[in-house]
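Inside the fold
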Amino acid sequence: MGRVTQRRKVHKYVLDGSPNALEFPVRYREDVLAVEEPLEIRLGSMSYSVTMRTPGHDFDLVAGFLVAEGVIWDSGQLVSLRFCAGEDENGVQTFNVVEAQLRPDVEAPSIGRHVYTSSSCGICGTDSIESVSKSSHYSPAADPLSVSAEVLASLPDILRESQRLFDDTGGVHAAGLFRIEDDGGANLLCLREDVGRHNAVDKVVGWALREGLLPLSGTVLQVSGRASFELVQKAALAGIPVLAAVSAPSSLAVELAEASGLTLAGFSRGTSLNIYAGDGRIRRPVAAAPS
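Attention here is on the structure that accompanies the text.

Rules behind the numbers
Residues numbered from 1 in each chain as written. Predicted model: local features only at pLDDT ≥ 70, side-chain atom pairs only at ≥ 80, totals over all residues. Heavy atoms only, no water. Salt bridge = Lys/Arg side-chain N within 4 Å of Asp/Glu carboxyl O. Helix = DSSP H or I, 4+ residues; strand = E, 2+ residues; numbered from the N terminus. Buried < 20%, exposed > 50% of the residue type's maximum accessible area, 1.4 Å probe, protein only.

A short note on the pattern of salt bridges
- Under the criterion given, the structure shown has 14 salt bridges.
- Measuring nitrogen to oxygen at the nearest pair gives 4.0 Å for the salt bridge that ties glutamate 37 to arginine 53. With a gap of 16 residues between them, glutamate 37 in strand S3 (residues 37-43) and arginine 53 in strand S4 (residues 46-53) connect regions that are remote in the sequence.
- Residue glutamate 37 is classed as partly exposed on the basis of its relative accessible area of 24%.
- Salt-bridge contacts for lysine 234 lead to aspartate 202; the nearest nitrogen and oxygen are separated by 2.9 Å. Here aspartate 202 lies in helix H5 (residues 197-210) and lysine 234 lies in helix H6 (residues 229-237), a separation of 32 residues in the sequence.
- The class for lysine 234 is buried, based on a relative accessible area of 4%.
- Classification of aspartate 202 as buried rests on a relative accessible area of 1%.
- Each of Glu37, Arg53 and Asp58 takes part in one network of salt bridges that share partners.

Printed below as a string of structure tokens:
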């Protein structure tokens, strides 16, 4: 596996307003950066896509990416994953090419994407807007899950406590998959971090596919950034009934959540949250009885 962090020397300017600040405004120090490198995804011998990501959990990333593309939806459809040979200028294995072998009866896409997927966009390179709205093999609308508002609002703090790469770099997104237990509590099943928020989600979904857990009924996907259209789509394709984000959703994300029967929460920050779609799954706080 490639490195996930890199140390770089930086010039730190200290502008604290003190009388001596201008005499010594620059400090020299090392900073830790999250690594961003390309990953080529091959289906057999065919190059399918190139995505920018933080190395680590690359097999999960590829598996989740194929779920998000509508290529597979069951662990049995993915026969194997392997790193292909590839070296940098120093002769060191790069681990930047992954080949996926699909079951013979799985219909592989006839062509690959024509451009690479950046770490900020999960749907770049699709042929048309119609191909983005894929039909899912799972229905979040049929999921009977209910979750209390208090538990849902508490998930960002639980997610943050487990973000080791963010602690080191301050420059990655996170996605966490929570199972809502019978007693109403939340159990963190999987957390992944990446420079791309869509990559973090793909890594979570790919982990679940490889564990044979799809569809992900009874779960909540908590993300560290905003709720974009592609994140709602990825959640719906994995059968996740609830998606919560610490920031805002887009208008198209809300429309897709409503159409998919998915509960979408935004601005989830410990003591409050907004429900933009699927409010019926949210259990409201019980008022305290008067003393």
